[in-house]
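A closer look at the structure
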Amino acid sequence: MKTLDDIIEKAKSYLPTQSLELIKKAYNYSAKLHKDQVRLSGEPYINHPVETAYILAELKMDEYCISAGLLHDVLEDTLASHEELAKEFGDEIAQLVDGVTKIGKIQFSSKADRKAENYRKMLMAMAKDIRVIIIKLADRLHNIKTLDFQPPDKREAIARETLEIYTPIANRLGMAKIKSELEDLSFRYIKPEVYEYLKNEVDKRIAQRGDYVERVKEVIKKLLADHNIHCEVSGRPKHLYSINQKMEKQKVSLDQIYDLIAFRIIVKSIKECYEVLGIIHSQWKPVPGRFKDYIAVPKPNMYQSLHTTVIGPEGERIEIQIRTEEMHRIAEFGIAAHWKYKEGRVRALKEEERFAWLRQILEYQKESKDAKDFIESIKTDIFSDEVYVFTPKGDVLVLPRGSTVVDFAYAIHSEVGNRCIGAKVNGKIVTLKYELQTGDIAEIITSTQQKPSADWLKFVKTSKAKSKIKQFIKQTQLQKSIEIGKELLDKALKKHDLSFNKLTKQDINKILKIFNIKEEEELYSQIGFGKLSAYHVVNELIPEEKRKEIKTVEAPEESPKEGIVIKELDGVLIKFAKCCNPLPGDPIVGFISRGKGITIHNPDCPNIINAEPYRIIQASWDPAKKILRPIKIRVECVDEPGLLTNISSSISKENVNISEAKISTLPEKTAVCDFKILVSDVNMLNKVMRSVEKVKGVYSVQRVK
């Protein structure tokens, strides 16, 4: 159990004496507020902020960050206010504590919403001050170390959240030490049996191979000393979670994992890194395809190292990592390794360049109203392995694995992406769907006639590409809706001897005011999308005495928005297509009708299959809503007395109402019965159809579209 003295001892190795006083003050304030609080373990609550602050001191964070670690729970769990905290410790610490507190504080209607929104808030907090997420990671690390005191179901939930949310962020920030600890601790609670098996087996094998590891270390040291290279050599077992991931990914047993131990060589300079690589490869045969140069091409999280696998002493395969002392520090602590104390303030070195990916992600979130949609769009940027692709000039772009030439084009520039018609990869023409590999040299081919297509969304990987394509399509839809709106309004005006071209600015302003619309283009767009009837607008433009003469056109039918989710547009009239009559559980799309809002169809409906792409919009069923839809089924059966009653009974037995029934008799004692029934989804429909099929005398049952 750590104490204030432990924190001070750790911090004074790199902070000036006056900075330690702020940490002591924060400890006393926190201890006073948490005085009567205890954790589930029964220990004083103050132990948790102390442990969190100690982790921050291990990361060599500044005194403001360590103090905020000591205070990180006071706004949420005590009566302290933000104003009091700012008055006592200054705005910087108050904002850090507030940032950590807010990450998980907002309540949402569903778990999915909450997880997505928390993730978005974390990313936003990171952009404002990266120290907020570093404190949160330290907080989570200590919490998961003490997870035994939580109920079993909560343990697993916290462990899963840690793996899904916190470890990818730690990885993106280059904080390998914390990432590995979080992964192994989470693994222990998610798959306890697998964890224990691997732990026992790996410990056993490491013990058996202890002499071998020491011999290899000595051989490497002597080999490099003969070349006048002074270095540190260590052999460490790989983390259990990464071993398990490798076993699952490659579908192999532990016996088939040959590189349980990785040897690390730390030298003084980059020049020596490459010298060591040459010496190692001269001594032992390298395994083809297992060399990676992360010094020349660093990972986006700042990681640099040379990786190689060789057939080492006694014919065993060994993995070797070669790096400088500075590279090793950054590999362990990531962004935390870049915080330096200067002139009494904390500064991040080259943070702007190193975290351009974070700024990009926050630009995308501004374009997305829906948290889940935002997370879906950027998760590949956080969670994926990377590929390293070169421009013809030799610049390197880092993209998620599976990225296509379209992703590459958008990574260069939005306009290059919008105009992309293909690419040359390694000198050969490839299609837009071509997936790039590390080492590819890609040259984008553009055309001024090209425009982004909704089909591109099916294969692009990066959030930037998805965001820019959606943005272009949405803008196209908006322009089309404005054109349609003007056309519909003109037609409605002509019926009353008026004309669109004769509308005055005064007329337009009058309409905008009546319908509470801000801009003229928004008026036409609302008419085009069916949000507003052109006849209602015309009705306001003609003289009062003539209104009674107008044959009122019926307002658009009531929108069945319950159960349908359309993210791109809000407040649009929605109705179901009668041609294909989709049912919850069926795949669906929205079709923008001229002045009639959006009609919900099956994607393969013949009536829309050849429609203009801009008129097709993504739609989905809302799983939280249950709506009954009328569906027709056709039953072919033998024509005999009582069969209709038996079929009706089999439908009613499934608690389904029949709203209409029609019977037609055919030659050779055959009948066709059409039933219109009310069902909530495809599963219920299938259940009814299976029930009818079991009725004696029934030949077939099918859904009628």
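Each remark here, short or long, concerns the structure printed above.
Residues numbered from 1 in each chain as written. Predicted model: local features only at pLDDT ≥ 70, side-chain atom pairs only at ≥ 80, totals over all residues. Heavy atoms only, no water.

With that out of the way, let us pick up the side chain of Thr162. Mapped onto the fold, Thr162 is located in helix H10 (residues 152-172). Accessibility expressed as a relative area gives 0% for Thr162, which makes it buried. Once you skip the residues sitting within four places of it in the chain, Thr162 turns out to touch Arg140, Ile144, Thr167, Pro168, Leu182 and Ser186. (Helix = DSSP H or I, 4+ residues; strand = E, 2+ residues; numbered from the N terminus. Buried < 20%, exposed > 50% of the residue type's maximum accessible area, 1.4 Å probe, protein only. Contact = heavy atoms within 4.5 Å.)

The next subject is the packing of aromatic side chains. In total, this model carries five aromatic pairs according to the counting rule given. Their ring planes at 80° and their centres at 5.2 Å tell us that Tyr29 and Phe89 sit as a pair that is edge-to-face. With Tyr29 in helix H2 (residues 17-33) and Phe89 in helix H6 (residues 82-89), the pair connects residues that are 60 residues apart, well separated along the chain. As far as burial versus exposure is concerned, Tyr29 and Phe89 are alike and both buried. Both rings, one in Phe576 and one in Trp621, keep their centres 5.9 Å apart while their planes meet at 20°; by these two values the pair is stacked. (Phe/Tyr/Trp six-rings, centres within 6.5 Å; stacked < 30°, edge-to-face > 60°.)

Under the criterion given, the structure shown has 32 salt bridges. For the salt bridge of Asp490 with Lys494, the shortest nitrogen-to-oxygen distance reads 3.2 Å. Within this pair, Asp490 and its partner Lys494 are both found in helix H22 (residues 463-494), separated by four residues, close to a single helical turn. The class of Lys494 is exposed, set by a relative accessible area of 52%. Between Arg703 and Asp586 there is a salt bridge, with the nearest N and O atoms lying 2.7 Å from each other. Pair noted here: Arg703 is in strand S23 (residues 698-704) and Asp586 is in the loop between strand S15 (574-576) and strand S16 (589-593), with a separation of 117 residues, a long-range link. Each member of the salt-bridge network shares a partner with another, and the members are Asp62, Glu92 and Arg131. (Salt bridge = Lys/Arg side-chain N within 4 Å of Asp/Glu carboxyl O.)

Formed by 75 residues in total, the largest nonpolar core has its most connected members in Ile23 and Ile134. With eight residues, the single largest contributor to this core is helix H9 (residues 131-145). Counting residues in each nonpolar core, the second largest holds 25 residues, with Val213, Val216, Leu224 and Ile322 among its members. (Core = buried A, V, L, I, M, F, W, Y, C linked by side-chain atoms within 4.5 Å.)

Before going further, it helps to spend a moment on the sheet that holds strand S13 (residues 442-446). If you walk across this open sheet you meet the three strands as S12-S11-S13, and the pairing is antiparallel. Edge positions in the sheet fall to strand S12 (428-430) and S13, since each of these pairs with one other strand and no more. Averaged over all pairs of adjacent strands, the angle between their axes in this sheet comes to 30°, without regard to strand direction. Against the sheet, helix H20 (residues 405-412) contacts strand S11 (420-425), S12 and S13, and its axis sits at roughly 85° relative to S13. (Pairing = 2+ DSSP bridges. Axes fitted to C-alpha atoms, helices over the stretch in contact; angles between N-to-C directions.)

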